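Residue-level structural notes
What follows is each chain in one-letter form.
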Amino acid sequence: MAITDPSDTLKRITLPLRLTLAGLWAERLTRAFWPLSTLILAVLAVLAFGLQDLVTIEVVWAVAVLAVLGIGVALVMGLRKFRAPTRAEALVRLDSRLPGRPLAALTDQQVIGTGDAASLAVWQAHVHRMAQRAAQARAVEPDLKLSARDPFALRYVALTAFVMALIFGSLWRVTSVSALAPGGAGALAAGPTWEGWAQPPAYTGKPTIYLNDVTAQTLDLPIGSTFQFRLYGEVGALSLSETVSGDPPPAEAEPSIARNFALNASGTVAIDGPGGRSWAFTATPDALPTVAPTGEMGREADGRFRQPFSTADDYGVIAGQVTIALDLPAIDRRYGLAAQPEPRDPVVLDLPMPVSGNRAEFTETLVDDLSQHVFANLPVTMVFAATDAAGQQGTAQPLHVTLPGRRFFDPLAAALIEMRRDLLWARSNAPRAAQILKAVTNRPQEFIRNERAYLRLRVVTRQLDAEAATLTPERRDEMAEELWQIALLVEEGDLASAFERLQRAQDRLDEAIRNGASPEEIDELMQEMRQALNDYMRELAEEAERNPDSQLSQNMEGMEMSGDQLQQMLEELQKLMEEGRMAEAQELMEMLRQLMENMQVTQGQGGQGQGQGNQAMRELNETLREQQDLSDDAFRDMQEGQQGQNQPGQEGQPNGGDLAQRQGELRDRLGELGRGTLPGEGSEQGEAARRELDRAGRAMREAEDALRDGDLPGALDRQAEAIEALREGMRNMGEALAEVQRQQGDAQQGEDFGRADPNSQRDPLGREPGESARIGSDRNMLQGEDVYRRAQDLLDEIRRRTGDQSRPDAELDYLKRLLDMF
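Moving on to the side chain of threonine 461. Secondary-structure assignment places threonine 461 in helix H10 (residues 451–467). Residues within four places of threonine 461 in sequence aside, it is in contact with Ala434, Leu437 and Lys438.

Structure, rendered in structure tokens:
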């Protein structure tokens, strides 16, 4: 084996060795001079952006001195740290990356055993192996990482600024620095002697124009565009004149002067002197945005209104508003609206804007709920306005509409909302509103079914009556909010009885038929009616299954109806309402009401095992009724006492002793009831009922003491608490009784139930025992006269009465409105 010459091996690795040496140079230069390069790039970025033309010469000189000092210090420090790499260092680095360091091995010499053939053979094999490894040498990459030396990445900041300056600035601006030196103005390097830019407003989305590259003599630019010109050279060599801004020209030109002005009108811009140019600019005006309501205003079932609108602008709309003001000439100034209204600021709503996409032209829908505002359901004017990015505002023609708001179909709720509106309209309506509310609460039986609403309404009535003469805006708003909540309680209710919910749904639907309702409101009311009807029929079916011996079968004899027939009846009712055939809908609604009343079940008429519980419920219900009557008498005595104190020669004499005695008798009766056995004794509902009865007893005792002391307002508060506790106790007792009845009903079902007469065991849906899956019977409910003919007879009667001029004017007006509606 021939001995390998090390020089031949080194020749074969010349290229990797040179690349490694170059990497060493780059590595040491970077480590030594990165502060110098960072400063140079930062200075060039500042000059390329032209910041030196925007500040005073003193600032420029100060910054220049600091920059020169910094560069000098960085250069000196770099020279001190820098050490030029050698070829031997490159060879060592290259050899360190090879296994066994073959390059160093090739330069070794055999010292012993040179005369031994075996030893020589081993040495030659070793050299040959090292030569093969050396031939695989590859260039070693340099280590250019500077994170340890530059922890704040200042080099990247300077590099980024320099790149941005190359993109958005101009390196020609660097030459303006030479004009700062004495005599430097005449020694400017050859090149452009001026620069100019035209920048349209940012909202237009148009790019900046570099005027040096524009060859056209006429240009169209949006009004408001800004011009920037830089003139370099000897004083007086170049001058700039323009007629687009309307500003007076500067008194004297200066070297490297910076001229900035805006395009306010069409005109010319000219640079006079060597290499000068001129342009004729046409200022394109920014059109006003347009906005207009489209389509009819709609009203949701919950009172929200929907108003579509469209808007457009040449560059895009950024915001929009609608101003809603009261249309006083269009208001029927009667009743509570006859008073002079208190000043009300217009309502301003923001128009919805698209989240993404082009805003140059779009259509949206304004959705809001102003049901609680005094403007609700009154004539208003709506003025839509749109604003573009230039601050210009375009408005639409006023839209005259009746502002939609939530409609209340319960007569009591509607009356409360009207009184609330009168209070918000003018505080001078407070005495009239208090008088009407007192009339409403005078005889609440069969009129106010919600006890909580009744109690809260009495409190508001008392407060309004006492503060009517000195009502402040704050108290007015508080009472208006309370009236709104009471109206919601009356309209929506918290009725636990399925039959009461059904009655309320029927009343609301009946009122909607009389007054007319929107399709959305009809859908909501029909859905409420269906739900209440389903709950009631399910309750009747469960009662029939629990109490087969009750009077339910006798009451329902001849009134069997399938669920499908009920649904068909409701669908026919909704169809008549949607088609505007209100007279026929009213007739069908009355038939349905009579049917439901005939199907009502009187609780507690069957089952011997339920007699005790039903008796307790009846006694508790009687106690509640008498407590309500006592509370009414106390309230009436308080009103009479206040009137007597306000009239000379009269003195209010509230009969507190008699009232206290009646209150004590009621408390004793409640105590006897509580000492007996209550339904569901020991159950959770039974214990809850007993706790509520105890609370009612304590409230009655406190009311009795207040009556004896002549404190009628305090007695009324305690009586209200007692009534609330009695109602809660009845509810809990009813749940306990229902659980007992369910358990007893399950125990009594079986063979005896199966042998009973099927005709007497059918439930309200016509199902026999054991046919729970069957929906109804085959009998037809709609018997008797044809509803359409009866509706026609009703219309004929209305027309006949309208022709009778001897009737009162109010009645004739009402009949005419009916004819106009139907």
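Right, let's talk about the packing of helix H2 (residues 14–48) against helix H4 (residues 87–96) for a bit. At a minimum axis distance of 9 Å, the contact between H2 and H4 shows a crossing angle of 105°. As far as their axial angle goes, H4 and H2 are roughly perpendicular. Mapping the contact onto sequence places Pro16, Leu17, Thr20, Leu21, Leu24, Glu27 and Arg28 in H2 and Arg87, Glu89, Ala90, Leu91, Arg93 and Leu94 in H4. Split into classes, the residues belonging to the contact of H2 with H4 amount to 7 nonpolar, 1 polar and 5 charged.

The biggest cluster of nonpolar side chains holds 48 residues, and the ones touching the most others in it are Leu416, Leu464, Leu620, Leu726 and Met733. Elements represented by at least two residues in this core include exactly helix H8 (411–425), helix H9 (430–442), H10, helix H11 (473–492), helix H17 (611–646), helix H18 (656–675), helix H19 (684–708) and helix H20 (712–748).

Summed over all chains, the structure comprises 31 salt bridges. For aspartate 668, the salt bridge goes to arginine 667, with nearest N and O atoms at 3.9 Å. Residue aspartate 668 is classed as partly exposed on the basis of its relative accessible area, which comes to 42%. Here arginine 718 ties to glutamate 702 by a salt bridge, and the two come within 3.4 Å at their closest N and O atoms. With arginine 718 in helix H20 and glutamate 702 in helix H19, the pair connects residues that are 16 residues apart, well separated along the chain.

One non-glycine residue, alanine 153, adopts positive backbone phi at about 55°. Classification of alanine 153 by relative accessible area gives partly exposed; the value is 27%.

For H2, with 35 residues, the first-to-last C-alpha span of 43 Å runs short of the 51 Å given by 1.5 Å per residue. Remark: the principal bend of H2, roughly 65°, maps to phenylalanine 33, with a proline, proline 35, within the next four residues. One or two residues past the end of H2 sits glycine 50, with phi positive at roughly 80°.

Two elements in contact, H8 and H11, have axes whose closest approach is 9 Å; the angle formed by their N-to-C orientations is 165°. One finds that H8 runs roughly antiparallel with respect to H11. Here the hand of the crossing between H8 and H11 comes out left-handed. Residues Leu412, Ala413, Leu416, Ile417, Arg420, Leu423 and Leu424 of H8 pack against Arg476, Asp477, Ala480, Leu483, Trp484, Ile486, Ala487, Val490 and Glu491 of H11. Residues of the contact of H8 with H11, tallied by class, amount to 12 nonpolar, no polar and 4 charged.

Further remarks concern the sheet that holds strand S7 (residues 267–272). The strand order across the open sheet built from 4 strands is S3-S8-S7-S5, with neighbouring strands paired in mixed fashion. Bordering the open sheet on either side are strand S3 (218–222) and strand S5 (239–242), each of which pairs with just one other strand. Averaged over all pairs of adjacent strands, the angle between their axes in this sheet comes to 20°, without regard to strand direction. Bridge analysis of S5 against S7 gives 4 bridges, and the strand direction is antiparallel. Its bridge partner being in S7, serine 239 is matched across the sheet by aspartate 272.

Further remarks concern the side chain of glutamate 704. As for its placement among the helices and strands, glutamate 704 is situated in helix H19. Leave out the neighbours within four places in its chain, and glutamate 704 touches Ala660, Gln663, Gly664 and Arg667.

The next subject is the sheet that holds strand S2 (residues 209–210). Read from one edge to the other, the open sheet built from 4 strands follows the order S2-S1-S4-S6, with strand pairing classed as antiparallel. Looking at the sheet topology across the chains shown, the edges are occupied by S2 and strand S6 (258–262). For strand S1 (residues 194–199) and strand S4 (residues 226–231), the ladder comprises 6 bridges, and the chain directions are antiparallel. Residue tryptophan 197 lies in a different strand from S4, and its bridge partner there is glutamine 228.

Before going further, it helps to examine the packing of aromatic side chains. Counted according to the given criterion, the structure contains 13 aromatic pairs. When the centroid spacing of 6.0 Å and the interplanar angle of 10° are considered together, the rings of phenylalanine 229 and phenylalanine 261 count as stacked. Here phenylalanine 229 is found in strand S4, whereas its partner phenylalanine 261 is found in strand S6, with 32 residues between them in sequence. Using a relative accessible area of 0% as the deciding quantity, one classes phenylalanine 229 as buried. For phenylalanine 261, a relative accessible area of 7% gives the class buried. The ring centre of phenylalanine 408 lies 5.3 Å from the NZ or CZ of arginine 406, which sits over that ring.

Calculation criteria
- Sequence order as written defines the numbering, with residues in each chain counted from 1.
- Local features in this predicted model are restricted to residues whose pLDDT is 70 or higher, and side-chain atom pairs enter the listing and the counts only when it is 80 or higher, whereas totals over whole chains, interfaces and linings include all residues.
- Just so you know, side-chain values use all the structure's heavy atoms and leave hydrogens and water out.
- We count a stretch as a helix when DSSP gives it H or I for four or more residues in a row; a strand needs E for two or more, and each element gets its number in order from the N terminus.
- Pairs of residues are marked as contacts when any of their non-hydrogen atoms sit within 4.5 Å.
- Only C-alpha atoms enter the line fits that serve as axes; for helices the fit covers just the stretch in contact. Angles between N-to-C directions range over 0 to 180 degrees.
- Angle categories: roughly parallel below 35 degrees, roughly antiparallel above 145, roughly perpendicular from 65 to 115, and oblique for all the rest.
- Three residue categories are used. Nonpolar comprises Ala, Val, Leu, Ile, Met, Phe, Trp, Tyr, Cys and Pro, charged comprises Asp, Glu, Lys and Arg, and polar comprises the others, including Gly.
- Joining through side-chain atoms within 4.5 Å is the link that ties buried Ala, Val, Leu, Ile, Met, Phe, Trp, Tyr and Cys residues into a set, and such a set is a nonpolar core.
- Whether a residue is buried, partly exposed or exposed follows from its accessible area with a 1.4 Å probe, protein chains only, as a fraction of its type maximum: under 20%, in between, or over 50%, in that order.
- Salt bridges are identified by distance alone: a Lys or Arg side-chain nitrogen within 4 Å of an Asp or Glu carboxyl oxygen.
- Each residue after the first adds 1.5 Å to the expected span of a helix.
- Fitting axes to the seven residues ending at a residue and to the seven starting there, one defines the bend at that residue as the angle between these axes.
- Working rule for handedness: look at the near helix, and if it is turned counterclockwise from the far one by less than a right angle, call the crossing left-handed; if clockwise, right-handed.
- By the convention used here, strands pair only if DSSP detects at least 2 bridges between them.
- Between 30 and 60 degrees the pair is tilted, below 30 it is stacked and above 60 it is edge-to-face, where a pair is any two Phe, Tyr or Trp rings, Trp via its six-membered ring, whose centres lie within 6.5 Å.
- The rule for a charge over a ring is simple: NZ of Lys or CZ of Arg within 6 Å of the ring centre, and within 35 degrees of the ring normal.

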